[in-house]
Amino acid sequence: WQLRGEVYETGIGEVRRIALEDGSAVTLNSDSRAAVRFEPGRRIVRLTRGEGLFEVAKDKTRPFLVLTDQVAVRAVGTAFSVRALADDVLVTVTEGVVDVTPRDAPAHRLGVNQRAEVRPRLPVQVTAESATETHRQLAWREGLVSFSGESLAEAVREVNRYSRRQVQIADPALAGMPVIGIFRAGDVDAFAQTTAAALGIEARNEGPVIRLLPANHP
C-alpha cells in the first residue's frame, strides 16, 4: 500500500505541516507517521501512529478518509484532528462535519467542536466542547502543551511525547494531582520544576530522567 503513496514522519519534538496535491494540508504532531494515497474516487491517509490535523480541500467526488487500526474518519471538506495512541483514538472536529466509524460498529457524525473517543470493546464517547477547549487541545500546533485540570499522570504522559528526556512519577500517590498551565513542548525541565512548585512536591534531576517525589523525600 505504501509503495503507491507518500509517507511522512516526524521525530520526537517535531511538528510538520505538509501541503497535499489536492490543496489539503496535514500537520503532524511529535513522533507521528502517515501515508497518503490519492485514488480516482477517494483520498486516503493512513495514520499509523501519533496525531495529525487534517485541513481538507472540498471535493464532493472524492471523500477524504483518515484510517487508523481502530477507526475510519470520512470527510469531504472540513478540518479535524485524529490522535491514535495505543488503542485509544480521539477525533476532534474544528470545521465542518465528519463521520467516525469504529471497527465493527456504526458511524457517528460529529460537528464543529465535538470530540469522539474510540476504544476497543467500549461504546464510542461523543462530547461537545467549547471553541476555547478545542483550541487548547490543539495547542501542539503552536509548539505548546496546555493543561486545565488534567491529572499529573495524564500531563506527564503528554509531556513525555515531546522529549527523549522523560519525567517519572516516583510515588503513585501523586498521580491524581491536578495540573494547570501552558508549557513549551519538549521543555520537560520547565514543566517539572513549575509543576512541582505549584503542587508542593519535588522535581529531582537524575540525568535522562526527572523524578517527581513528595516534598522532603529522602
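Cut-offs and rules
Residues numbered from 1 in each chain as written. Predicted model: local features only at pLDDT ≥ 70, side-chain atom pairs only at ≥ 80, totals over all residues. Heavy atoms only, no water. 1 Å grid on protein atoms, 1.4 Å probe; cavity = no way out; pocket = protein on both sides within 12 Å on 5 of 7 lines; lining within 4 Å. Points joined across faces, edges and corners; volume = space filled by probe spheres on them. Helix = DSSP H or I, 4+ residues; strand = E, 2+ residues; numbered from the N terminus. Nonpolar A, V, L, I, M, F, W, Y, C, P; charged D, E, K, R; others polar. Pairing = 2+ DSSP bridges. Axes fitted to C-alpha atoms, helices over the stretch in contact; angles between N-to-C directions. Contact = heavy atoms within 4.5 Å. Parallel < 35°, antiparallel > 145°, perpendicular 65-115°, else oblique. Left-handed = near helix turned anticlockwise from the far one by under 90°. Buried < 20%, exposed > 50% of the residue type's maximum accessible area, 1.4 Å probe, protein only.

A. Layout of the layout of surface pockets. Estimated volume of the largest pocket: approximately 780 Å³. Surrounding the largest pocket, 28 residues form its lining, Arg83, Leu90, Arg115, Glu154 and Glu158 being those nearest its centre. The set of elements that each furnish at least two residues to the lining of the largest pocket consists of strand 8 (79–85), strand 9 (88–95), strand 12 (114–118), strand 13 (125–128), helix 1 (131–137), strand 14 (144–151) and helix 2 (152–160). Among the elements that line the lining of the largest pocket, the one with the most residues is strand 14, at five residues. Among the residues making up the lining of the largest pocket, the classes are represented as 10 nonpolar, six polar and 12 charged.

B. Broad picture of the sheet that holds strand 17 (residues 201–206). The mixed open sheet is built from three strands, whose spatial order is 15-18-17. Each edge of the open sheet is held by one strand with a lone partner, namely strand 15 (166–169) and strand 17. Here the average twist between neighbouring strands, direction ignored, is 25°. Looking at chain direction, strand 17 and strand 18 (residues 209–214) are connected through six bridges and run antiparallel. Across the sheet, glutamate 202 pairs through a bridge with leucine 213, a residue of strand 18. The strands touched by helix 2 are strand 15, strand 17 and strand 18; relative to strand 15, the strand with the most contacts, the crossing angle is about 160°. Against the sheet, helix 3 (residues 188–199) touches strand 15, strand 17 and strand 18, its axis set at about 155° to strand 17.

C. Region of the structure containing the pairing of strand 9. In this sheet, strand 9 lies alongside strand 8 in antiparallel orientation, the contact comprising seven bridges. The partner of phenylalanine 80 across the bridge, within strand 9, is valine 93. Hairpin remark: strand 8 followed by strand 9, antiparallel, with two residues in the connecting loop; positive phi at alanine 86, about 55°. Here strand 9 pairs with strand 12 via four bridges, running antiparallel. Pairing of valine 89 across the sheet is with valine 118, part of strand 12.

D. The packing of helix 2 against helix 3, seen in detail. Helix 3 packs onto helix 2 with a crossing angle of 170° between their chain directions and a minimal axis gap of 11 Å. Here helix 2 lies roughly antiparallel to helix 3, going by the angle between them. Crossing handedness for the pair helix 2 and helix 3: right-handed. Residues Leu152, Ala155, Val156 and Val159 of helix 2 lie in contact with helix 3, whose contacting residues are Val188, Phe191, Thr195 and Leu199.

E. Up close: the pairing of strand 18. In terms of strand pairing, strand 15 meets strand 18 through four bridges, oriented parallel. Paired with isoleucine 169 across the bridge in strand 18 is leucine 212. Adjacent in sequence and paired antiparallel, strand 17 and strand 18 are bridged by two residues, among which glycine 207 carries a positive phi angle near 70°.

F. Broad picture of the side chain of serine 30. In this fold, serine 30 is placed in the loop between strand 3 (25–28) and strand 4 (33–38). Residue class for serine 30 comes out buried when judged on its relative accessible area of 2%. The residues touching serine 30, leaving out its near neighbours within four places in the chain, are Thr10, Gly11, Ile12, Gly13, Glu14, Arg161 and Tyr162.

Any link to function would need more than the numbers given here.
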